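Fold and geometry: a report
Below, each chain spelled out in residue letters.
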Amino acid sequence: MSRSKQQHHQQVKTPIQHPKEQRVDAPSQRHPPGNLLKTIITWYERNLLFFKTLALLGTAVVGYLVWKIPTGRWSILLTDTLVVLVTLAAVSALNGAISHWKTLLQQKDLLRRGLVDMGLSSFMLGILSLSLGILIHQSDKDNLLNATLAEVGGGISVSAVALLVLIPILYPKGKVSNRQEKQVASSIQDLSASELSGPALPPQPPVEQTPDNNGQTFSHSQQSLAKHQEDSERMASQQPTPPASPFVARGFLFYDDPLYSLPSAKRILNFSGGTGSVRFFLKAKGEEPSIKSEDTGAISKDGRHLALCDGLAGSNLSRSWAASLAQYWVENPLLDTGEKRLDEWLKQPKETWKTWVRETWLSTINARNSALSEAPLPADYADEVIHGGSASTFLGIELWTHDADEGLYWESWAIGDSCLYAFHWESALQQWQCTSQFPCESREDFTNKPGFISSRNTSARKPRPHLRKSSTNNRSYPGDIIIMATDALALWLCMQIEEQRPEWQELLSLQEEDQFDEWVRHQRASGELKNDDTSLILIALQDQSSWIEGPTEGKRSSDRDVKHDHF
Amino acid sequence: MSETIKGYSYTKCQSATATLNVLLNTVLDNAGINDQTGKRKHRCDILVLGYGDSVTPLLGTVEEPLALPDLPRHSLGRQIMHIARRDPVTRLLSTEEVTGPYWIKEVADSKRTETGKAIAKAYEAVGRWLLADNTRKDTRPAPVIINITDAQDNGSENPVQKAIELRQLSTTDGHALFFNCHLGTTGTDGLTFPATLNQVDDLFELALQHIAPTLPMGTITRSSQPTEDEKQLRLEQICARQLFEMSSPMPDIMLRNARRTFGLQIEAGARGFIYNADAQDLINFLEWGSLQDRFITTASREEVG
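Residues numbered from 1 in each chain as written. Chains lettered and ligands numbered in written order. Predicted model: local features only at pLDDT ≥ 70, side-chain atom pairs only at ≥ 80, totals over all residues. Heavy atoms only, no water.

Scanning chain A from terminus to terminus reveals 15 helices and 18 strands. Taken over 567 residues, chain A has a buried fraction of 44%. Within the structure as shown, chain A displays about 29900 Å² of accessible surface, and the carbon and sulfur contribution to it stands at 56%. (Helix = DSSP H or I, 4+ residues; strand = E, 2+ residues; numbered from the N terminus. Buried < 20%, exposed > 50% of the residue type's maximum accessible area, 1.4 Å probe, protein only. Areas by Shrake-Rupley, 256 points an atom, 1.4 Å probe, with all protein chains shown as cover.)

For the rest of this paragraph, the subject is the confidence of the model for chain B. Residues and elements named next belong to chain B. Per-chain confidence: chain B averages 79 in pLDDT, with 79% of residues scoring 70 or above. Averaged pLDDT values over the elements of chain B bottom out at 40 in strand 13 (residues 296-298) and peak at 94 in helix 4 (residues 159-168). Note on residues 290-301: pLDDT under 50 across the span, and 67 contacts to partners over four residues away in sequence or across chains. Here the predicted complex carries an ipTM of 0.71, next to a pTM of 0.63. (pLDDT = per-residue confidence, 0-100. Contact = heavy atoms within 4.5 Å.)

Before going further, it helps to spend a moment on the pairing of strand 12 (residues 431-438) of chain A. Residue and element names in this part refer to chain A. In terms of strand pairing, strand 11 (residues 419-426) meets strand 12 through seven bridges, oriented antiparallel. Bridge assignment links Ala422 to a residue of strand 12, and that residue is Ser436. The hairpin turn running from strand 11 into strand 12, its antiparallel successor, is four residues long, and Gln430 in that turn takes a positive phi close to 55°. (Pairing = 2+ DSSP bridges.)

Locating Asn21 of chain B in the fold gives a position in helix 1 (residues 12-29). A polar atom in the side chain of Asn21 of chain B sits 2.9 Å from the backbone nitrogen of Trp103 of chain B. (Polar contact = N/O pair within 3.5 Å; in protein donor to acceptor, adjacent residues only side chain to side chain.)

Let us look at the environment of Glu63 of chain B. Residue and element names in this part refer to chain B. In this fold, Glu63 is placed in the loop between strand 3 (55-57) and strand 4 (66-67). Linking Glu63 and Ala122, residues 59 residues apart in sequence, is a C-alpha distance of 8.5 Å. Here the side chain of Glu63 touches Lys121 through a polar contact of 3.4 Å, side chain to side chain.

Residue and element names in this part refer to chain B. Between helix 4 and helix 6 (residues 228-246), whose axes approach to 9 Å, the crossing angle comes to 15°. For the element pair helix 4 / helix 6, the angle class is roughly parallel. The hand of the helix 4/helix 6 crossing is right-handed. Two secondary-structure elements touch here, helix 4 through Pro159, Val160, Ala163 and Arg167 and helix 6 through Gln242, Glu245 and Met246. For the contact of helix 4 with helix 6, the per-class residue count stands at four nonpolar, one polar and two charged. (Axes fitted to C-alpha atoms, helices over the stretch in contact; angles between N-to-C directions. Parallel < 35°, antiparallel > 145°, perpendicular 65-115°, else oblique. Left-handed = near helix turned anticlockwise from the far one by under 90°. Nonpolar A, V, L, I, M, F, W, Y, C, P; charged D, E, K, R; others polar.)

Moving on, we come to the pattern of salt bridges. Applying the stated criterion to the full structure yields 24 salt bridges over all chains. Residues joined by salt bridges that share partners form a network here, namely Arg443, Glu498, Glu499, Arg501, Glu503 and Glu528 of chain A. (Salt bridge = Lys/Arg side-chain N within 4 Å of Asp/Glu carboxyl O.)

What follows covers the nonpolar core. Counting 38 residues, the largest nonpolar core has Leu317, Trp329, Trp356, Val357, Trp361 and Phe394 of chain A as the members making the most contacts within it. Those elements that provide at least two residues to this core are strand 7 (305-310), helix 11 (318-331), helix 12 (339-371), helix 13 (381-388) and strand 10 (408-415) of chain A. If one sorts the elements of this core by residue count, helix 12 of chain A sits on top with nine residues. The contacts of Val357 of chain A, once residues within four sequence positions are left out, are Leu317, Leu362, Ala382, Val385 and Ile386 of chain A. One finds Leu68, Phe179, Met254 and Ile274 of chain B within the second-largest nonpolar core, a separate group that totals 34 residues. (Core = buried A, V, L, I, M, F, W, Y, C linked by side-chain atoms within 4.5 Å.)

Set out below in structure tokens:
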């Protein structure tokens, strides 16, 4: 295909500047005014310890002067100054105490930091007591209680200073110093070799032209490659066996984090026309554990709202963002498709996710890094992650009944390619009919760029996402099926429906997670199902002659995983 | 690569380096953060080789692909990048100045161009990479190798033979894909994703007609002895044919992406080869070849810090 110069220049071009021709803009231009306040705050936070120390020293100096200059105009001025500084010290002490207890209660930070806060707080309280004692002593020199107060305050201050001095000795940087860090230290030993440093590759000998087994020329020495493979295996086999612990058994961080929780494997629905079951299955990409999946789901406490989300792989921490959306929607469902309503509704899940990134994720990763003797992530890294943003598809369904009617009404909302399929058993035809397909209606609707909900604030200049709503007042009857699935399984189901194939009915008999895992493995191996995170919510409404529970009666999940919802 | 790129005031080497650095930044940005490690997700391994008289790794010091999560700590410093992006929805351009890490510095002081040796090194690295982990062959997409050159190959190895060997490497996803981008200073028009060798030859026949003396009635004649310009064109034709034969045919999904990125009608069976490219073509080529979502349209850099 020849490309003429005229055609060539039709493309939009912006000349590349030569490095020497470029001009570095002034700092004020590179940093918009809005960032100045942020810069000052960041600088203040980073130097907080310095400011605290400066305030304490100032208080001590002024207190000493008050003591030494008992009368005169300077005495009054210094006394007033001391009162101001003591008040500031009291506020700071209170702030330190709150921060300290918050740290201890959340178990999210190092003990070292907690002790430092405690030491500083104690020192401030000691100075406060000392100063009050001195102040009152000025007016009533005969009062023994004030002198005692000053002495006790001085004693606390000295003890606090001693504690602050001892902390770096007792807890040097990098030492595993609390339960969380010990857990992280154990867990990281179980992380896959690909995440940690693998065995180093040996230097390769000069290559030779040798034929391989198929007679093809293989210019790299097969022997050296094989030797390298053996070396790699040998070195891998020499990796120390991780110690057994519950955390190691789980293997990954955040396994007990609420944002990583998944719905119960099975719940029973009771509605006016009968009962139904809700089953949730998830199989991560490849043979990864479910905690590494970027799919997640949530079911409300009353069982009326269910959501399925698929975090986008190219975005930051998408599992937690997807969970923030799903978990918030099922308890506070947005039943409106307006862009502004979505913006308003998103404020809370965005705040939940940002808070989690700043307070939970960053400290946990830093505890991991500390245990691995890796450099900690800077405090503003959380802001970088948040600024980079996260994204997820969304699919939600609301179920309800009318007293006079049998059956279950439902409506669904979606962004992206997580899909819902409703099936009805046609007795006359003796086959399943797909009565609803939402939001993707054909295989062409599945692209590699699905719609998504972003954690970033959407620019007014760009098209904003909006929820799509299914047709209203959909109704399912006893014996019907509603399936919610993320893109891999949704595409597979879509093709099954288009080609009128029956294999999808195998899903109806799945009761245990192991059965689902095996089914997914089989479909992936056959090339029918894309090797991607695969999750499924299956709502089965049953009547007296239902096939739903019949063929697999007695194979239910344990009672621990079964919940009953009545509405 | 030390020659000035056509239409611009900087060299092909500078253009390629700036674009590669921006591309690496883009690959990092598109990887997302791994919640378990705090690093970027391990979505690919990258190896960058530079070649002239010899072949040298440009990312780190070893000739092994670097895991994407480890890329940040191998950067040489930070740079200011001027990047124009085309909004995928509105198609409007917006330019922004961003600061980010860079990994590659331009080096163009060699007398030879050992293309064959460079391809052989790539072959060895990809081969080792496949064998280093038994699961890679079954789970990873086919490796993609992109060669950016000025096509003045005068090395000691046969690059076509080496390229054919390289393309034999495979995962269950398919054979390794080898694409070639020729940065041009020549007088011919460009050639984007040709499907046949005839298309390559036609390009040069057309160029030869332009430099040949023309008789009044419009017929073309040639002297018995070729002129210097004709000799030069014939040499360039040999290079272009060589690059065409080295290049892999494009898979369907890449074909669709190429049509979208370049805005051209590209026929099925087209090779991953672009001849006599300018800076814009190079950026499009890398964007397309690495299947990035973002549309970077220009890139330049200067060091900071």
